[in-house]
Amino acid sequence: MFDQLEIIENRYEQLNEMLSDPDVVSDSDKLREYSKEQSDLQKTVEVYREYKQKKETIEESRMMMNETDDKEMLEMLKEEISESEKAIPGIESQLKLLLIPKDPNDDKNVIMEIRGAAGGDEAQIFAGNLFRMYSRYAEENGWKTEIVEANANDHGGYKEISFLIQGNGAYSKLKFENGAHRVQRVPETESGGRIHTSTATVAVLPEVEDVEVEIRNEDLKIDTYRSSGAGGQHVNTTDSAVRITHLPTGTVVTSQDEKSQIKNRERAMKVLKARVYDMMLQEAEAEYAEKRKSAVGTGDRSERIRTYNYPQNRVTDHRIGLTIQKLDQIIEGKLDEIIDALTIEEQTSKLEELNNASL
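Bear in mind that the values here come from a model prediction, so they are computed numbers and not experimental data.

S.K.: Could you give an account of the overall build of the chain, naming the residues involved and the relevant values?
M.R.: Within the chain, the regular secondary structure consists of ten helices and eleven strands. Sorting the 359 residues of the chain into buried and exposed places 40% on the buried side. A separation of at least 24 residues holds for 62% of the contacts in the chain among residues at least 6 apart in sequence. On the chain, roughly 20,100 Å² of surface is accessible, and the fraction owed to carbon and sulfur atoms is 46%.

Rendered as structure tokens:
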């Protein structure tokens, strides 16, 4: 571990020098690349240097103890040694977590797709509740939300809705939301006061760059048509809506939320790339998933991951057995307690894998 940390620290220093090089400063692509790499390494280097400082304090204090008979000085040195020794195990644990291989998609924007599943109108109303919850969570993090395609029902919900969330680290937080969400409550459409159980599915896809997935123009079928829904006169006068079909995979994406056909096409292409990339990732991970299902789930859309029980103000995440009596806050976008718990579980699981691999 410490050999790896030395390599990281050396690379960090090398990047500091490179970022002062006029040739790099004048090259925006290199400057962006090296700045990001340095930023990614900074936390690890800071913690490693703190570790080395504690070790040096112990060593220097022990040497000084051999050179003095002053009782007051000896007590002070013993206290310094004790404090540093107590801190070291925690710093070592932090370093192990920082060395866990990072998900390459963690820093990316996300495309989320929510669909009402079992439960008819109530499932679609719940899909609308989930969209609002994620929109509020995005606001709290200073992220931007843009609707790509929405198919609303008559009760304020959605049969399906696709939207882009743009913000640093969005995927690292929202990737755990992938799966089936279940709601238990008395529906607005229920006159008898009976509790119903309904579900909505959530798909979380990382937004991808052109270099990560190749979409050839000859593999696309692009149709334009007139938008439906809100929009006034514009709806009836221009073919602004876009439908893109990726012929090799049969993936179909539509976008009509923008008045501009160009913008709808750009958004539809973002979703198409994300879906094709997601297919590639799932194929690549299929063999691994067969061998081991992680504590936070396989990512299967059909896997029930969470229940929202309104009568008891309770949210339960079934993957880690977490129950929180704060549904009223969570549905308003206060998701940090759940997401932090899932992040810790994932890190712990990966750390166990690394430790087992090193045995």
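Picking up where we left off.
S.K.: Got a sec to walk through the sheet that holds strand S6 (residues 220-225)? Specific residues and values, please.
M.R.: Pairing within the open sheet is antiparallel, and its three strands lie in the order S6-S7-S8. This sheet does not close on itself; its edge strands, each paired only once, are S6 and strand S8 (251-255). Put simply, the sheet's adjacent strands are angled 15° from each other on average, direction ignored. The sheet contact formed by S6 and strand S7 (residues 241-246) spans six bridges and is antiparallel. Bridge pairing in S7 places Asp223 opposite Arg243.

S.K.: How would you sum up the nonpolar core? Please name residues and give values.
M.R.: One finds Met112, Ile114, Leu130, Tyr134, Ile165, Leu174 and Tyr308 to be the most contacted residues of the largest nonpolar core, which totals 34 residues. Contributions of two or more residues to this core are made by strand S1 (110-116), helix H5 (120-140), strand S3 (158-166), helix H6 (170-174), strand S5 (196-206), helix H9 (327-330) and helix H10 (336-358). Counting residues per element, this core draws most heavily on H5, at eight residues. Those residues in contact with Met112 that lie beyond four places of it in its chain are Tyr134, Ile161, Ser162, Phe163, Ile165, Leu174, Glu177, Val202, Ala203 and Val204. Counting residues in hydrophobic clusters, the runner-up holds 19 residues, among them Ile8, Met18, Tyr51 and Ile81.

S.K.: Let's hear about the sheet that holds strand S4 (residues 179-185): which residues, and what values?
M.R.: Sheet architecture is open: eight strands sit in the order S2-S3-S1-S5-S4-S9-S10-S11, paired in mixed fashion. Looking at which strands have only one partner, the edges of the open sheet turn out to be strand S2 (144-152) and strand S11 (322-324). Ignoring which end each strand starts from, the neighbouring axes of this sheet average 15° apart. Pairing of S4 with strand S9 (residues 304-309) involves five bridges; the strand directions are parallel. What sits directly across from Val183, in S9, is Tyr308.

S.K.: Can you explain the packing of aromatic side chains? Please cite residues and give values.
M.R.: Under the defined criterion, the tally for this structure stands at four aromatic pairs. Measuring from centroid to centroid gives 4.8 Å for Phe131 and Phe163, while their planes differ by 70°, and the two rings are edge-to-face. Of the two residues, Phe131 is situated in helix H5 and Phe163 in strand S3; the sequence distance between them amounts to 32 residues. For Phe163, a relative accessible area of 0% corresponds to the buried category. Among the aromatic residues, those joined into a cluster by ring pairs are Phe131, Tyr158 and Phe163. Between the NZ or CZ atom of Arg185 and the centre of the ring of Tyr310, over which it lies, the distance is 4.7 Å.

S.K.: Can you lay out a nonpolar patch on the surface for me, pointing to particular residues and giving the numbers?
M.R.: Judged by side-chain polarity, Met64, Met73 and Met76 come together as a nonpolar surface patch covering roughly 250 Å² of accessible area. If you trace the backbone, Met73 turns up in helix H4 (residues 71-98).

S.K.: Would you mind going over the pairing of S3 in detail, with residue names and values included?
M.R.: The sheet contact formed by S1 and S3 spans six bridges and is antiparallel. Each bridged residue has a counterpart across the sheet, and for Arg115 the counterpart in S3 is Glu160. Pairing analysis gives eight bridges linking S2 to S3, with the strands arranged antiparallel. Bridge pairing in S3 links Ala152 to Tyr158. The turn linking S2 back onto S3 is made up of five residues, and Gly156 within it adopts a positive phi angle of 85°.

S.K.: Give me the lowdown on the packing of helix H1 (residues 2-18) against helix H3 (residues 28-65), citing residues and values where you can.
M.R.: Running from N to C, H1 and H3 point in directions that differ by 130°, and their axes come no closer than 9 Å. In terms of orientation, H1 and H3 fall into the oblique class. Our pair here, H1 against H3, has a crossing hand that is left-handed. Contacts between H1 and H3 involve Phe2, Leu5, Glu6, Ile8, Glu9, Arg11, Tyr12, Glu13, Leu15, Asn16 and Met18 on the former and, on the latter, Tyr34, Glu37, Gln38, Leu41, Gln42, Thr44, Val45, Tyr48, Arg49, Tyr51 and Lys52.

Procedures and definitions
Within any chain, residue numbers begin from 1 and follow the written order of that chain's sequence. In keeping with the model being predicted, local features are shown solely for residues with a pLDDT of at least 70 and side-chain atom pairs are shown and tallied solely at 80 or more, while totals for entire chains, interfaces and linings include all residues. Side-chain metrics rest on all non-hydrogen atoms present in the structure, leaving aside hydrogens and water. Runs of E in the DSSP output that reach at least two residues are strands. Runs of H or I that reach at least four are helices, and both are numbered from the N terminus. Three exposure classes are used, based on accessible area relative to the maximum for each residue type with a 1.4 Å probe and protein chains only: buried under 20%, partly exposed in between, and exposed over 50%. We call two residues in contact whenever any of their non-hydrogen atoms come within 4.5 Å of each other. Areas reported here follow the Shrake-Rupley algorithm with a probe of radius 1.4 Å; residue values treat only the protein chains shown as occluding. Following DSSP output, two strands are said to pair if at least two bridges run between them. Throughout, an axis means a line fitted to C-alpha atoms (over the contacting stretch in the case of helices), and angles, computed between N-to-C directions, take values from 0 to 180 degrees. Residue types Ala, Val, Leu, Ile, Met, Phe, Trp, Tyr and Cys, when buried and joined through side-chain atoms within 4.5 Å, form a set referred to as a nonpolar core. Stacked, tilted and edge-to-face are the three classes assigned to paired rings of Phe, Tyr and Trp, where Trp is represented by its six-membered ring and a pair needs centres within 6.5 Å; plane angles under 30 degrees give stacked, over 60 edge-to-face, the rest tilted. Should the NZ of a Lys or the CZ of an Arg lie within 6 Å of a ring centre and within 35 degrees of the ring normal, that charge is described as sitting over the ring. Patches here are clusters of residues that have more than 30% relative accessible area and form no salt bridge, with a 9 Å joining cutoff for like charges and a 5 Å cutoff for nonpolar side chains (Val, Leu, Ile, Met, Phe, Trp, Tyr). Note on definitions: salt bridges are taken to be side-chain nitrogens of Lys or Arg within 4 Å of carboxyl oxygens of Asp or Glu. Orientation is classified from the angle alone, with under 35 degrees giving roughly parallel, over 145 giving roughly antiparallel, 65 to 115 giving roughly perpendicular, and any other angle giving oblique. Left-handed describes a crossing in which the near helix is turned anticlockwise from the far one by less than a right angle; the clockwise case is right-handed.

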